[in-house]
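Structural overview for review
Below, each chain spelled out in residue letters.
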Amino acid sequence: MNFDFSDDQKQLRDQARRFLAEKCQPKAVRAVLEGKADYDRDLWKGLAEMGFLGVAIPEEYGGTGAGHLELCVIAEELGRVLAPVPFSSTVYLAAEALLLAGSEEQKQKWLPKISSGDAIGTLALFEGTGNPSPAAVKLAVSNGTLTGAKKPVADGAIADFAIVAARTGNSGRETDVSLFLVDLKAGGVTAKPLQNVDPSRQQAELTFAGAKAEPLGAANEGWSILSRVMDRAAVLIAFEQVGGADRALEMGRDYALDRIAFGRQIGSFQAIKHILADMYVSATLARSNSYYGAWALSTDAAELPEAAAAARISATQAFQHCAKQNIQVHGGMGFTWEFDCHLYYRRSNALALSLGSQSYWEDQLIDRMRQKNAA
Amino acid sequence: MNFDDTPQEAEFRAKARAWIDANAPKQYEEELRKASLGRVVLKGANILEVAKAWQKKKADAGWAVPHWPKEYGGRGASPIERVIWQQEEGVFGKLTAMFIIGQGMCGPTMMAYASEEQKRHYLPPLGSGEKIWCQLFSEPAGGSDVAGLRTRAEKDGDDWIINGQKIWTSGAHYSDYGILITRTDPTVPKHKGLTMFFLDMKSEGVEVRPIKQANGNSDFNEVYFTNVRIPDSQRLGAVGDGWNVSLTTLMNERMSIGANVATGFPELFDYCSSLTFDGAPALDDRAVRSKLANWAVKASGLRYTSFRSISALSKGQRPGPENSIGKLVAGSMIQEVAMYALDLQGAAGVLSGPEDAEVAGRFQAMLLRSPATRVEGGTDEILRNIIAERVLGLPGDIRVDKDVPFNQIPTKGRA
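Conventions we followed
Residues numbered from 1 in each chain as written. Chains lettered and ligands numbered in written order. Predicted model: local features only at pLDDT ≥ 70, side-chain atom pairs only at ≥ 80, totals over all residues. Heavy atoms only, no water. Helix = DSSP H or I, 4+ residues; strand = E, 2+ residues; numbered from the N terminus. Rg over C-alpha atoms; globule rule 2.2 N^0.38 Å. Contact = heavy atoms within 4.5 Å. Areas by Shrake-Rupley, 256 points an atom, 1.4 Å probe, with all protein chains shown as cover. Lys, Arg positive; Asp, Glu negative; His and termini not counted. Charge placed at Lys NZ, Arg CZ, Asp CG, Glu CD. Buried < 20%, exposed > 50% of the residue type's maximum accessible area, 1.4 Å probe, protein only. Core = buried A, V, L, I, M, F, W, Y, C linked by side-chain atoms within 4.5 Å. Expected span 1.5 Å × (residues − 1). Arc of directions from axis to C-beta. Pairing = 2+ DSSP bridges. Buried area = accessible area lost by both parts, 1.4 Å probe. Salt bridge = Lys/Arg side-chain N within 4 Å of Asp/Glu carboxyl O. Polar contact = N/O pair within 3.5 Å; in protein donor to acceptor, adjacent residues only side chain to side chain. Nonpolar A, V, L, I, M, F, W, Y, C, P; charged D, E, K, R; others polar. Axes fitted to C-alpha atoms, helices over the stretch in contact; angles between N-to-C directions. Parallel < 35°, antiparallel > 145°, perpendicular 65-115°, else oblique. Phe/Tyr/Trp six-rings, centres within 6.5 Å; stacked < 30°, edge-to-face > 60°. Lys NZ or Arg CZ within 6 Å of the ring centre and 35° of its normal.

For chain B, the count of helices and strands is 12 helices and 10 strands. Its C-alpha atoms give chain B a radius of gyration of 23 Å, near enough to 22 Å, the size a compact globule of 415 residues would have. For chain B, the C-alpha atoms occupy an extent of roughly 75 × 55 × 45 Å along the three principal directions. A separation threshold of at least 6 residues defines the contact pool for chain B, and within that pool the share at least 24 residues apart is 73%. Total accessible area on chain B stands at roughly 19100 Å², and carbon and sulfur atoms take up 51% of it. A distance of 2 Å separates the average location of the 50 positive side-chain charges in chain B from that of its 51 negative side-chain charges.

Printed below as a string of structure tokens:
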């Protein structure tokens with residue numbers, strides 16, 4: 001058994017960490033948060049130059065073809081620094097959907113542009129309140145065009161193309177949904193940026209009024225493709241969450257060592273030590289669940305759906321727990337705009353909702369464990 | 001990243017599996033599988049005899065303590081091979097509970113500090129289960145403050161005379177030997193005046209009184225020492241160096257990484273899978289699903305954390321204090337799981353007789369044993385301190401008695 005990343009993968013992690021330490025400091029995150037930019041274009045370009053955007057995209061489509069374990073390593077580092085770029089929308093969702101279900105022509109057209117940083121993609125699934133389900137997809141298709149609205153769509157206002165889930169049947173089953181690829185610059189779509197809990201990452205409403213709908217994957221297979229894409233993205237986002245949780249824990253630990261109260265470092269008080277120990281526990285459980293998810297993702301194992309749900313739940317809990325407790329350790333300072341604690345608090349809550357809520361993934365996990373037990 | 005054995009590990013696993021398949025006491029397999037945490041009962045058989053027979057059989061074939069050196073009864077297996085053995089032994093490993101303290105903690109301490117002659121004499125029967133050992137550390141005034149112990153050892157010629165009392169000594173009532181930490185110098189600070197020994201539990205002046213526990217079992221004991229005589233040749237380590245010797249013992253506790261920590265989750269999931277509410281499966285219930293999912297990821301998180309530790313071990317790293325999370329998480333989880341399983345049964349959850357309430361009885365055994373899990377071998381609070389101090393590098397707790405001679409430390413809260 002070797003339940004760890006390889007030395008090469010750890011080297012890639014170090015390389016990504018060094019790169020991001022220089023190119024993605026908190027002031028860069030704040031520039032996007034405070035509306036001075038819609039995303040960090042320099043960082044995006046830099047990530048492309050480093051080959052990070054195409055790390056899991058085969059060489060024939062302009063990527064480096066390294067693989068998904070490598071992508072997990074990079075995701076963790078992006079999560080640590082709260083990278084204000086449309087990485088997850090483009091790489092975990094759009095690129096994965098193209099790789100799973102795209103036609104050769106679609107792959108040739110879009111994947112090289114993703115690898116080079118020349119195209120931003122996203123997934124347009126949600127239509128307001130509620131968890132993902134075939135019945136919640138109302139956006140209609142007629143005569144090859146789409147009509148309706150999607151919100152929230154992560155990075156919707158800056159994306160060049162979207163994978164859109166639309167209703168193509170009324171059987172009440174999963175086969176009612178099909179996927180379409182829409183070139184957002186080709187007309188028929190308007191994007192409205194929306195306020196959200198973490199403005200360092202954009203959310204938008206996309207309104208489709210006769211936009212050209214190019215099928216992605218087989219008709220009526222949309223839900224099954226989506227569910228595979230979501231499982232894969234769940235593992236990758238879990239790594240971002242693990243990175244964020246670890247960084248929030250470090251921030252809390254460092255502050256507890258620096259800050260003196262009652263004549264002692266506050267980190268010498270059991271009340272503070274135990275908060276930090278519990279943060280470590282949740283971050284460690286999340287990391288271990290995510291490693292299992294990484295193994296299942298990289299080997300396309302039959303265990304992937306269950307592993308992905310477990311990683312997702314565990315990592316969401318850990319990041320939310322660490323981010324909120326980091327503020328508690330900082331006391332009043334933690335609630336000031338100028339300390340970075342709230343950036344992590346915001347991101348932890350945005351990521352928690354980014355792919356369906358906790359209750360959605362709890363349902364996924366139990367359904368899958370139940371199926372396995374029945375089998 | 002993979003779950004594959006190396007060729008050498010695969011060969012070891014195949015050998016272990018074949019031997020277990022041919023030799024394990026299969027007649028008890030089902031009962032062992034169903035046994036609750038802390039309560040293995042075999043119908044119509046004496047558990048101690050069954051356990052000793054299994055251990056002896058393993059010893060004769062060289063499987064009793066695979067990771068020990070050959071000259072002391074082992075086969076020199078690597079740490080990862082030891083884990084492979086535990087994985088393959090599976091439910092039959094539940095029979096070895098009474099040997100764990102002796103083999104996991106006393107044995108390694110003997111290996112580090114006893115004479116070669118003593119090692120060759122005492123270790124093989126410890127490994128084979130013929131002799132059972134206990135660890136005499138805790139005292140009524142000690143608890144988490146292990147070094148606050150008061151049992152005295154005074155030099156008398158070539159012997160030492162022991163007086164005092166130990167408590168929470170698992171298995172003392174059936175143990176043949178014990179390792180014992182004593183105070184030999186009360187005029188120096190508490191960690192400096194300690195000395196370690198091993199002794200025959202049948203020595204004159206040793207009295208073992210089982211403690212009836214909150215769950216009705218009697219696994220722990222009080223042990224009284226009245227003028228017990230121990231030859232100086234049974235001292236482990238230097239006079240006054242007992243604290244360091246005891247740290248060797250406690251560090252070895254961490255080597256006992258199992259592939260599975262008991263959390264109660266598999267039992268709860270099984271139970272919920274067969275449960276219905278008004279004819280509808282309980283697993284369709286949103287609240288049940290949420291509870292189960294949250295415990296499921298803790299159980300899997302612990303499992304994969306142990307896989308990461310095993311991987312680190314196989315690369316030659318030593319298990320570190322980060323392994324404290326297993327007991328910390330599992331301890332409170334099993335308590336919560338048991339309470340929830342009983343809550344699901346409504347008023348009937350209160351019943352515990354095996355005939356009237358097979359399911360409730362099982363979770364009640366968990367409920368009543370779990371408080372001990374959270375205390376024994378380090379309380380939740382001590383484990384959090386260990387993580388905070390040794391993993392995260394936070395300052396140690398303030399210890400006002402650290403540099404005070406032991407006999408000047410206050411002993412009562414209110415003077």
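Don't stop here, the text continues.
Of regular secondary structure, chain A possesses 11 helices and 10 strands. Computed over C-alpha atoms, the radius of gyration of chain A comes to 21 Å, within 12% of the 21 Å expected from 2.2 N^0.38 for 375 residues, which places it in the range of a compact globule. Expressed along its principal axes, the backbone C-alpha trace of chain A runs to roughly 75 × 50 × 40 Å. Here chain A holds 375 residues, and 59% of them are scored as buried. Pairs at least 24 residues apart make up 74% of the contacts formed inside chain A by residues separated by at least 6 positions. Working note: accessible area of chain A is about 14300 Å², and carbon and sulfur atoms make up 50% of it. Averaging the locations of the 38 positively and 44 negatively charged side chains of chain A gives two centres separated by 5 Å.

Among the nonpolar cores identified, the biggest contains 178 residues, and A:L47, A:F87 and A:Y92 are the most heavily contacted of them. Among the elements that line this core, the one with the most residues is helix 7 (residues 222-258) of chain A, at 19 residues. When neighbours within four sequence positions are excluded, A:F87 is seen to be in contact with A:W44, A:L47, A:F52, A:L53, A:L71, A:I74, A:L78 and A:Y92. Among the nonpolar cores identified, the runner-up in size contains 23 residues, and B:C106, B:M111, B:L194 and B:L236 belong to it.

The next subject is helix 1 (residues 7-23) of chain A. Residue and element names in this part refer to chain A. Compared with an ideal rise of 1.5 Å per residue, which puts 17 residues at 24 Å, helix 1 spans 24 Å between its outermost C-alpha atoms and is within 8% of the ideal. Among the residues of helix 1, Q9, L12, R13, A16, F19 and L20 are the ones counted as buried. Seen end-on, helix 1 carries its buried residues on one side only, within an arc spanning 135 degrees. Pointing more than 90 degrees away from the buried face of helix 1 are the exposed residues D7, Q11, R18 and E22.

Residue and element names in this part refer to chain B. Judged from the 8 bridges that link them, strand 3 (residues 159-167) and strand 7 (residues 221-231) form a sheet pairing that is antiparallel. Bridged to I167 within strand 7 is E222. Both strand 6 (residues 206-210) and strand 7 contribute to a ladder of 5 bridges, which runs antiparallel. Residue P210 lies in a different strand from strand 7, and its bridge partner there is N221.

Another aspect to go through is the environment of B:K412. Residue and element names in this part refer to chain B. Relative to the assigned elements, K412 resides in the segment after helix 12 (380-391). Judged by relative accessible area, which is 67%, K412 ranks as exposed. On a C-alpha basis, the gap between K412 and S314 in space is 48 Å, while along the polypeptide they are 98 residues apart.

Let us now look at the interface of chain A and chain B. Facing 44 residues of chain A, the contacting portion of chain B comprises 51 residues. Between chain A and chain B, the buried area comes to about 4300 Å², and carbon and sulfur atoms account for 62% of it. Across the chain A-chain B interface, the total number found is 9 salt bridges. Connecting chain A to chain B are 29 residue pairs in polar contact (both at pLDDT 80 or more). Of all elements in the fold, only helix 7, strand 10 (264-265), helix 8 (270-299), helix 9 (304-330) and helix 11 (358-374) of chain A reach the threshold of two or more residues within the side of chain A that touches chain B. The residue inventory of the side of chain A that touches chain B, partitioned by class, reads 21 nonpolar, 13 polar and 10 charged.

Moving on, we get to unusual backbone geometry. Residues and elements named next belong to chain A. Note the cis peptide between K151 and P152, where omega equals -5 degrees. Relative to the assigned elements, P152 resides in strand 3 (residues 145-154). In this structure, L82 is a non-glycine residue whose phi angle is positive, near 55 degrees. Residue position: L82 is located in the loop between helix 4 (68-80) and helix 5 (87-101). Notably, N220 is not glycine yet its phi reads approximately 65 degrees, a positive angle. Along the polypeptide, N220 turns up in the loop between strand 8 (214-216) and helix 7.

Remark: a regular strand shows side chains that alternate across the two faces of the sheet. All names here are of chain B. Burial along strand 1 (residues 133-136) is two-sided: the face carrying W133 and Q135 and the face carrying C134 and L136 are both buried. Across 4 bridges, the pairing between strand 1 and strand 4 (residues 177-183) is parallel. Among the inter-strand pairings, W133 is bridged to a residue of strand 4, identified as Y177.

Time to look at the pattern of salt bridges. Pairing between side chains of opposite charge can happen when their charged atoms approach one another. Applying the stated criterion across every chain, the model contains 52 salt bridges over all chains. The salt bridge involving A:K273 is made with B:D397; its shortest N-O contact spans 2.5 Å. A residue pair is termed interchain when its members come from two chains, as with A:K273 in helix 8 and B:D397 in the segment after helix 12. For A:K273, a relative accessible area of 0% corresponds to the buried category. One salt bridge in this structure joins B:R33 and B:E29, with 2.9 Å as the shortest N-O distance.

Here we take up the packing of helix 9 of chain A against helix 9 (residues 286-314) of chain B. At a closest axis distance of 9 Å, the pairing of helix 9 of chain A and helix 9 of chain B adopts a crossing angle of 95 degrees. It follows from the interaxial angle that helix 9 of chain A and helix 9 of chain B lie roughly perpendicular. Residues A:A310, A:I313, A:S314 and A:Q317 of helix 9 of chain A form the contact with helix 9 of chain B, whose own contacting residues are B:A293, B:N294, B:V297 and B:S300. Residues of the contact of helix 9 of chain A with helix 9 of chain B, tallied by class, amount to 4 nonpolar, 4 polar and no charged.

Attention now goes to helix 6 (residues 104-115) of chain A. Residue and element names in this part refer to chain A. An ideal rise of 1.5 Å per residue puts 16 Å on 12 residues; helix 6 measures up with 16 Å between its terminal C-alpha atoms. Considered for burial, the residues of helix 6 that qualify are Q106, K107, W110, L111, I114 and S115. One face of helix 6 carries all of its buried residues, which in axial projection span an arc of 135 degrees.

Our next topic: the packing of helix 8 of chain A against helix 9 of chain B. Two numbers describe how helix 8 of chain A lies on helix 9 of chain B: the axes approach to 8 Å, and their chain directions differ by 75 degrees. It follows that helix 8 of chain A is roughly perpendicular to helix 9 of chain B by the angle criterion. For the pair formed by helix 8 of chain A and helix 9 of chain B, the contact residues are A:T284, A:L285, A:R287, A:S288, A:N289, A:Y291 and A:Y292 on the first element and B:V297, B:K298, B:S300, B:G301, B:L302, B:Y304, B:T305 and B:R308 on the second. The residue inventory of the contact of helix 8 of chain A with helix 9 of chain B, partitioned by class, reads 6 nonpolar, 6 polar and 3 charged.

It is worth spelling out the packing of aromatic side chains at this point. Pairs of aromatic rings are described using the distance from one ring centre to the other and the angle between the two planes. Counted under the stated rule, the structure contains 35 aromatic pairs over all chains. For the ring pair A:F262 and A:F269, a centre distance of 6.1 Å and an interplane angle of 90 degrees mean the geometry is edge-to-face. Its relative accessible area of 81% is what places A:F262 among the exposed residues. On the accessibility criterion, A:F269 (22% relative accessible area) is partly exposed. Grouped by ring-pair contacts, the aromatic residues A:F3, A:F5, A:F239, A:Y291, A:Y292, A:W295, B:F3, B:Y304 and B:F307 constitute a single cluster. Across the ring face of B:W63, the terminal group of B:R75 is positioned such that the distance to the ring centre comes to 3.8 Å.

Residue and element names in this part refer to chain B. Position of E88 relative to the elements: it lies in helix 4 (residues 79-89). A distance of 2.9 Å separates polar atoms of two side chains, one belonging to E88 and the other to R13. Sequence-distant contacts of E88, that is, excluding residues within four places in its chain, are made with R13, A16, R17 and I20.

A few words now on the side chain of A:Q241. Residue position: A:Q241 is located in helix 7. Other than its neighbours up to four places away in sequence, A:Q241 contacts A:R312, A:A315, A:T316, A:F319, A:L351 and A:A352.

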